[in-house]
Structure formats: structure tokens, C-alpha cells
Amino acid sequence: MAPLRVLCIHGYRQNGNSFREKTGALRKLLKKQVELVYLSAPHSVQQAPDKENGSGPGAGDDEDQRGWWFSDVQARSFSAQQQCEESLGLDESLTTVREAVKVQGPFDGILGFSQGAAFVAMVCSLQEQKLEPEFNFRFAILVAGFRSACKEHQTFYGTPLLIPSLHVFGLEDRVIPDNMSRELLPSFQDPQVLTHPGGHFVPAASAHRQTYQEFLKKF
């Protein structure tokens, strides 16, 4: 059987290449089942000023830091906790996904990490509202996801989504605490959950293999 093709959506301050490096263990764990295809967000993120201590960029040495949208429109920055009326950049990011589907698709599923997982929930919502005819994902994997605190994004969280979803989060995550990931669960009709004892990363220990594989073998 051909492996499932999964579009991978990185976190804030990452890019497709750095996310590919960070998920090497996951690729190895699922190599017979999935082919992971990595996308970079269209928006460049300014380097955080506290990184200017001569040691280069801090966030995993992601030289080319990118994001899917900004919660602070003026500063062009993002924080998952920031309440905002409107955001900046989401339309361009949706165009990027549309192009990827057209050029590199078709894809069976979509996987997102952190801001990327929050973005995946929005993509799934638009797909189910029939607002994005190109999107045809059969499942979603959301790692360290959360509900956007931005007011204009609340339309994404109306009716629970029917798309099968696996929600993965770390009980020691200090960036997106697990309660934020849990708040996203009611937005999905039948969310499957995989928790791990660690922090803000995509877990891929052999202990997690069975949960991933059982979820994927339905497709």
C-alpha cells in the first residue's frame, strides 16, 4: 500500500526545513505508513532582540524564522495568549496551503505543530464549511494545538468538526500548556488524544507508535 501523504505545518519561528529536522524521529517511527511533506509559512518573523548576544538565533537555530499569522498587527509578532480583535497574514497563509495542495498534492492528511496546529484547525473548519474547494484532507494531527484568542478567528470554532483528529500534547509543555490544547478538543466531534510527559515538541518514542499507527490505519 502506498504511504499516506501528509502536509506538515510548522510552528511559529520555524520553517519547513527546520521542522523537518525536528521531526526526524517521527518520520523514522512512521516511515512505512506516511510520507511527510513540509511547507514553509509565507511570513518572515523578526528575530527576537534578546538573541543578540553573539550566539546567533536561539529557536533551534532557525535562521529563516516564519509564521502563519500575527496576533499583534502593529509589531508583526505573535503570542498564543494574546487577545486581539484582528490578526494579520492568515489569507496569505491559506493561499500558500492552496498552492501546495495544487502543486504537491493530493494529500491524505495534514499535521500541524503549535501555531501550525492552531492553523490546521482553521484549515479543517474552512474545508468543512465548504469555503476551500481545493482542501480535501481526510484527517488531521494537531500537536500542541490551541484555540486562537483572536476575535476574528472565533468563526472557526462554531460547529464541531467531523474530520477525524488526533491531538497530541505534552503535560510539561510551558509554551502551550496542556490546558490550552484541551480547550481545542470540543471543536472536534470525536477527538483522539495522545498525551506525553514531556514539553513542547512532537513526540515520537516507541511508546507512541501504536497510537499513531492505529489512528493512521483507518485511512
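Before any of the text, the structure's been laid out above.
Residues numbered from 1 in each chain as written. Predicted model: local features only at pLDDT ≥ 70, side-chain atom pairs only at ≥ 80, totals over all residues. Heavy atoms only, no water.

### As for helix H3 (residues 90-104)
Each turn of an α-helix holds 3.6 residues, which means side chains three or four residues apart point in the same direction. For H3, built from 15 residues, the straight-helix expectation of 21 Å at 1.5 Å per residue is met to within 8% by its first-to-last C-alpha distance of 21 Å. Among all positions in H3, only Leu 90, Ser 93, Leu 94, Thr 96, Val 97, Ala 100 and Val 101 are buried. Around the axis of H3, the buried residues are gathered within 155° of arc, so they sit on the same side. Residues Asp 91, Lys 102 and Val 103 are exposed on H3 and point more than 90 degrees away from its buried face. (Helix = DSSP H or I, 4+ residues; strand = E, 2+ residues; numbered from the N terminus. Expected span 1.5 Å × (residues − 1). Buried < 20%, exposed > 50% of the residue type's maximum accessible area, 1.4 Å probe, protein only. Arc of directions from axis to C-beta.)

### Digging into the packing of aromatic side chains
Tallied over the entire structure, the rule returns 10 aromatic pairs. Centre to centre, the rings of Trp 68 and Phe 119 are 5.1 Å apart; their planes meet at 15°, and the pair counts as stacked. With Trp 68 in the loop between strand E4 (66-67) and H3 and Phe 119 in helix H4 (residues 115-128), this pair connects stretches of sequence that are 51 residues apart. Each member of the pair, Trp 68 as well as Phe 119, carries the same accessibility label: buried. (Phe/Tyr/Trp six-rings, centres within 6.5 Å; stacked < 30°, edge-to-face > 60°.)

### With respect to the environment of Leu 142
Its place among the elements puts Leu 142 in strand E6 (residues 139-143). Non-local contacts of Leu 142, meaning those with residues more than four positions away in its chain, are made with Gly 112, Ala 117, Val 120, Ala 121, Ser 165, Leu 166, His 167, Val 168, Leu 184 and Phe 188. (Contact = heavy atoms within 4.5 Å.)

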